[in-house]
Amino acid sequence: MAGNGARVKSIEQSIADTDEPDSKLRKELGALDLVVFGVAVAVGAGIFTLTARAAGDVAGPSVSLAFVLAAIACGLAALCYAEFASTVPVAGSAYTFSYATFGELVAWVVGWDLVLEFALAAGVVAKGWSAYLAQFLGLIGVPLKSASFQLAGPISVDWGALLIIALLTWVIAAGVKLSSRVSQVITAIKIAVVLLVVVVGIAYIKVSNYTPYIPPPAASSGGTGGGGSVLTQSVVSLIGGSATSTFGVYGLLAAASLVFFAFIGFDVVATTAEETRNPAKDLPRGIIGSLLVVTVLYVAVSLVLTGMVNYTQLATQPDGTHATLATAFALNGVNWAAVVISLGALAGLTTVVLVLMLGQTRVLFAMCRDGLMPKRLAHTGSRGTPTRITLVVGVVVAIGATFFPASSLEEMVNIGTLFAFVLVSIGVMVLRRTRPELPRAFRTPLVPLIPILAVLACLWLMLNLSVETWLRFVIWMAIGFVVYYAYGRRHSRFAERGTAEVATPPSGRGDG
């Protein structure tokens, strides 16, 4: 049996908690809803902007291979997520899985990671939505330089970001089914735009642009793949003695870690486990299905993009202007594509913000129900939706996106997500050993090989992120430990009721 110090919460207790009347979520989602959620959050503006930046600044034409490498790492982790989600159909995703496997402290660390992934990303993406709104309105004849205004001195108010966050907060508060319907409609629009871009772009592909597929190493000005300083180099290139991780093999690996940002999505699907009608079957389908759709779309777009223009034409300009998918069409004289791409990006960002905020509310809901955050926020009421948490998340994200300048947080989101993937992959092996009798509707194949490969792949991608990102991650974790010991540990269910109710499963075996 797990020691009291571990504070391991049994799976039986986690499932029993879902029936508490005051904090019960409605089961309204099916497999299609889950696939749409995964695609909705993964296919955002990144497909129109991140692909071009990764090609021009980091990997060249090999960005398509970088997407494949990132997808393989995600696929291995997705198999582990699918087993956990179908075995423990409870809100909270990796947070809940870690609580049942490693105990409260590790669960808190993962929950803190998911806050980094969802909340911060939602704020940054909302600012991107605001920028695309101004661009789209300008292209259709509405003169609008910016979706923000100066309030006082250096303080500006991004009303565009505030508008989209307020609207989506209302949608989420109204119920998960409405969120799903909104996602389905908007996701259909952006997928249609992506397919149109691919079909039109194929006609402008020049095979010569794919050579050299992996460009020779070159110095760069910064960011992942940058050679400007030790802090902006990837850890792998620094250890390997390379002066840069721009282009070459190190650039390819750095690009895989950067474009990994495009694949976060299937872990959001796992946060809705408690609201799925048939989690045993639908969760694995939603997780793996959304990852397959996203991979095909990203590889197709990256091949078209780097075939239409030489990768050097996609490099970031000295003034900081980044190339986009529209850049490739403009260089080929297809100017009308800018309007279509802006519409697709606007639609894409809308669903990204929606699903990121939805995922954040469900993780916080699980943490509040366990007492690690204020329990009164976990109230669902007659709607079967955590309205209080939804409003809190909406306000926090709105404040960040409305008043603070946007910054490039892709790498911060990536390292937090990869860390969660590592723990989930290890957790599958631990739970197979400690609770072999548990019914598993989906079983990760080739255990322990697949989980071990998932751990190694994710760790490898983490090492290809910049030194600066690692330093920020350590600081974020340190803040998390302070919050846990100052509040969470003293207010959790273990602290208030003791460990008896949650530490021992009926079989008499421990959970880790």
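In what follows, the structure referred to is the one given above.
Residues numbered from 1 in each chain as written. Predicted model: local features only at pLDDT ≥ 70, side-chain atom pairs only at ≥ 80, totals over all residues. Heavy atoms only, no water.

Participant: Where do I start with the overall build of the protein in this structure?
Facilitator: Counting its secondary structure elements, the protein contains 20 helices and two strands. When each of the 512 residues of the protein is scored for burial, the buried share is 59%. The contacts in the protein between residues at least 6 apart in sequence include a share of 82% that link residues at least 24 apart. (Helix = DSSP H or I, 4+ residues; strand = E, 2+ residues; numbered from the N terminus. Buried < 20%, exposed > 50% of the residue type's maximum accessible area, 1.4 Å probe, protein only. Contact = heavy atoms within 4.5 Å.)

Participant: How should the side chain of Thr 87 be read in this particular structure?
Facilitator: Topologically, Thr 87 is positioned in helix H4 (residues 63-87). Given the relative accessible area of 8%, Thr 87 is considered buried. A distance of 2.7 Å separates the side chain of Thr 87 from the backbone oxygen of Glu 83, its partner in a polar contact. (Polar contact = N/O pair within 3.5 Å; in protein donor to acceptor, adjacent residues only side chain to side chain.)

Participant: Help me out: how do you make sense of unusual backbone geometry in this one?
Facilitator: When glycine is set aside, most residues are seen to have a negative phi, and most peptide bonds are trans. The residue after Thr 211, namely Pro 212, is reached through a cis peptide bond having omega -5°. Tracing the backbone shows Pro 212 in the loop between helix H8 (176-202) and helix H9 (235-239). For the bond running from Val 447 to Pro 448, omega is 10°, close enough to zero to count as cis. Residue position: Pro 448 is located in the loop between helix H16 (410-434) and helix H17 (449-463). Even without glycine at this site, Leu 446 takes up a positive phi of about 55°. Its location among the elements puts Leu 446 in the loop between H16 and H17.

Participant: Honestly, the environment of Arg 26 in this entry has me stumped. Any pointers?
Facilitator: Relative to the helices and strands, Arg 26 resides in the loop between helix H1 (11-17) and helix H2 (31-42). Taking the C-alpha atoms as reference, Arg 26 lies 7.4 Å from Thr 385; in sequence the two are 359 residues apart. Beyond its immediate stretch of four places on either side in the chain, Arg 26 contacts Glu 275, Ser 382, Arg 383 and Gly 384.

Participant: Just checking my understanding: could you explain the packing of aromatic side chains for this structure?
Facilitator: Here a ring pair, both rings aromatic, is described through the centre-centre distance and the interplanar angle of the planes. Evaluated as defined, the whole model comprises twelve aromatic pairs. An angle of 80° between the planes, with centres 5.4 Å apart, marks the rings of Tyr 81 and Phe 421 as edge-to-face. Note that Tyr 81 is positioned in helix H4 and Phe 421 in helix H16, a separation of 340 residues in sequence. Exposure class is identical for Tyr 81 and Phe 421. Each is buried. Ring centres 4.8 Å apart and planes at 5° place the aromatic pair Phe 84 and Phe 97 in the stacked group. Pair noted here: Phe 84 is in helix H4 and Phe 97 is in helix H5 (residues 94-101), with a separation of 13 residues, a long-range link. Pair check on accessibility: Phe 84 and Phe 97 agree, each one buried. Members of the aromatic cluster, joined through ring pairs, are Trp 108, Trp 112, Trp 476, Tyr 484 and Tyr 485. Sitting over the ring of Tyr 99, Lys 9 keeps its end group 5.8 Å from the ring centre. (Phe/Tyr/Trp six-rings, centres within 6.5 Å; stacked < 30°, edge-to-face > 60°. Lys NZ or Arg CZ within 6 Å of the ring centre and 35° of its normal.)

Participant: Explain the nonpolar core to me, please; I cannot follow it from the model alone.
Facilitator: Soluble, globular proteins show a tendency: their nonpolar side chains are buried together. Membership of the largest hydrophobic core comes to 156 residues, with the highest contact counts inside it found for Phe 48, Tyr 81, Phe 263 and Phe 329. Ignoring sequence-local partners within four residues, the contact set of Phe 263 consists of Phe 67, Ala 70, Ala 71, Cys 74, Leu 291, Val 294 and Thr 295. (Core = buried A, V, L, I, M, F, W, Y, C linked by side-chain atoms within 4.5 Å.)

Participant: What am I meant to see in the pattern of salt bridges here?
Facilitator: Side chains that differ in sign of charge can pair as their charged atoms come close. Summed over all chains, the structure comprises 17 salt bridges. Asp 33 is the salt-bridge partner of Lys 177, the closest N and O atoms lying 3.2 Å from each other. Linking Lys 177 in helix H8 with Asp 33 in helix H2, this pair joins segments that are 144 residues apart in sequence. With its nearest N and O atoms 3.9 Å apart, the salt bridge here joins Arg 285 to Asp 282. (Salt bridge = Lys/Arg side-chain N within 4 Å of Asp/Glu carboxyl O.)

Participant: Mind showing me how you'd approach a nonpolar patch on the surface here?
Facilitator: On the surface, a nonpolar cluster with roughly 460 Å² of combined accessible area is contributed by Leu 446, Leu 449, Ile 452, Leu 453 and Leu 456. Note on placement: Leu 456 falls in helix H17. (Patch = residues over 30% accessible without salt bridge, like charges linked within 9 Å, V, L, I, M, F, W, Y side chains within 5 Å. Areas by Shrake-Rupley, 256 points an atom, 1.4 Å probe, with all protein chains shown as cover.)

Participant: Any chance you could explain the environment of Ile 389 here in plain terms?
Facilitator: Summarising the element assignment, Ile 389 is placed in helix H15 (residues 387-403). Sequence spacing of Ile 389 and His 379 is ten residues, and the spatial spacing of their C-alpha atoms is 8.4 Å.

From the geometry alone we can't say anything about function, so treat these as descriptive.
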